[in-house]
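Per-entry structural report
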Amino acid sequence: ADLPSPTVQAPRGLDSELIRRLQEVAQHHGGKVPLHGRLFAQWLHHAFPRECPYPAKSGTTKPLIANDWLEGTAEFFEGVQAGGAAAQESRNEEAQVAGHHARTTDLADNGDDEMGDIIPWDIDEELVVSYRRPSLAHELRVVFFALSFIGLAFAVTGMVMRFATVGFQALRNQGCKAIS
């Protein structure tokens, strides 16, 4: 509530529905809110609708490169100029999307609970990374391999020292024979 943005002045009062949703996210993750999860991004979208895009679920959107998007918008505007039924349907869809954003914007900006049920909320979580505590067997394997590596290093070092000692003794013995 104390974080300003270009479109939201601070301090402001967060809607109790937004606070409840954030508590739900924390409850879903054992008391912590993962910052890189889809649910927190969704909460940020409702708290700052003009700054944070809605986090679509993986596989539900079709990203376009700039040229494809331009072609699609050119077709849309050609249809609008022609005044066809498809153009009217597209305008209706855009009005519904704009209405959704206006309702969430109003909800994020005012502090009352009148519109608390309007927030569209999808409880499906997607985390960028997941962390699982390693099992005891895995940790024991890691310790075993570490100790084996250290033992192997000592064994190789001992062998090198032994060969070096034998080699120096042989050189010393040859050197003594050469002098006599």
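Above this text sits the structure in question.
Bear in mind that the values here come from a model prediction, so they are computed numbers and not experimental data. (Residues numbered from 1 in each chain as written. Predicted model: local features only at pLDDT ≥ 70, side-chain atom pairs only at ≥ 80, totals over all residues. Heavy atoms only, no water.)

**So, helix H2 (residues 38-47)**
- H2 sits mainly inside the fold: eight of its 10 residues count as buried.
- Every buried residue belonging to H2 is among Arg38, Leu39, Phe40, Gln42, Trp43, His45, His46 and Ala47, and all of these are buried. (Buried < 20%, exposed > 50% of the residue type's maximum accessible area, 1.4 Å probe, protein only. Helix = DSSP H or I, 4+ residues; strand = E, 2+ residues; numbered from the N terminus.)

**Thoughts on the pattern of salt bridges**
- In the structure shown here, the tally under the stated rule is five salt bridges.
- For Arg21, the salt bridge is made with Glu17, and the minimal N-O distance between the two is 3.1 Å. Here Glu17 and Arg21 lie together in helix H1 (residues 16-28), a separation of four residues that amounts to about one turn. Across this residue pair, the class does not change: Arg21 and Glu17 are buried.
- Residues Arg20 and Glu24 are paired through a salt bridge, measuring 2.3 Å at the closest nitrogen-oxygen approach. Placement of both Arg20 and Glu24 in helix H1 is noted, with a separation of four residues, approximately one turn of the helix.
- For Glu24, a relative accessible area of 21% corresponds to the partly exposed category. (Salt bridge = Lys/Arg side-chain N within 4 Å of Asp/Glu carboxyl O.)

**Section: the nonpolar core**
- Val8, Leu14, Leu18, Val25, Leu39, Phe40, Trp43, Ala47, Phe48, Cys52, Ile119 and Trp121 together form the largest nonpolar core, which totals 12 residues.
- At four residues, H2 tops the list of elements feeding residues into this core.
- Residues in contact with Trp43, not counting those within four places in the same chain, are Leu14, Leu18, Ile19, Arg21, Leu22 and Trp121. (Core = buried A, V, L, I, M, F, W, Y, C linked by side-chain atoms within 4.5 Å. Contact = heavy atoms within 4.5 Å.)

**Quick look at a nonpolar patch on the surface**
- Nonpolar side chains collect at one region of the surface, where Val143, Leu147, Phe149, Ile150 and Phe154 lie side by side and expose about 580 Å² of accessible area between them.
- Judged by relative accessible area, Val143 falls into the partly exposed class, the value being 46%. (Patch = residues over 30% accessible without salt bridge, like charges linked within 9 Å, V, L, I, M, F, W, Y side chains within 5 Å. Areas by Shrake-Rupley, 256 points an atom, 1.4 Å probe, with all protein chains shown as cover.)

**Looking at the environment of Ser58**
- Mapped onto the secondary structure, Ser58 falls in the loop between H2 and helix H3 (66-82).
- Residue Ser58 is classed as exposed on the basis of its relative accessible area of 59%.
- For Ser58 and Glu126, which are 68 residues apart along the polypeptide, the C-alpha to C-alpha distance reads 8.1 Å.
- Here the side chain of Ser58 touches Glu126 through a polar contact of 2.8 Å, side chain to side chain. (Polar contact = N/O pair within 3.5 Å; in protein donor to acceptor, adjacent residues only side chain to side chain.)

Such coordinate-based values are descriptive only and should not be taken to indicate function.
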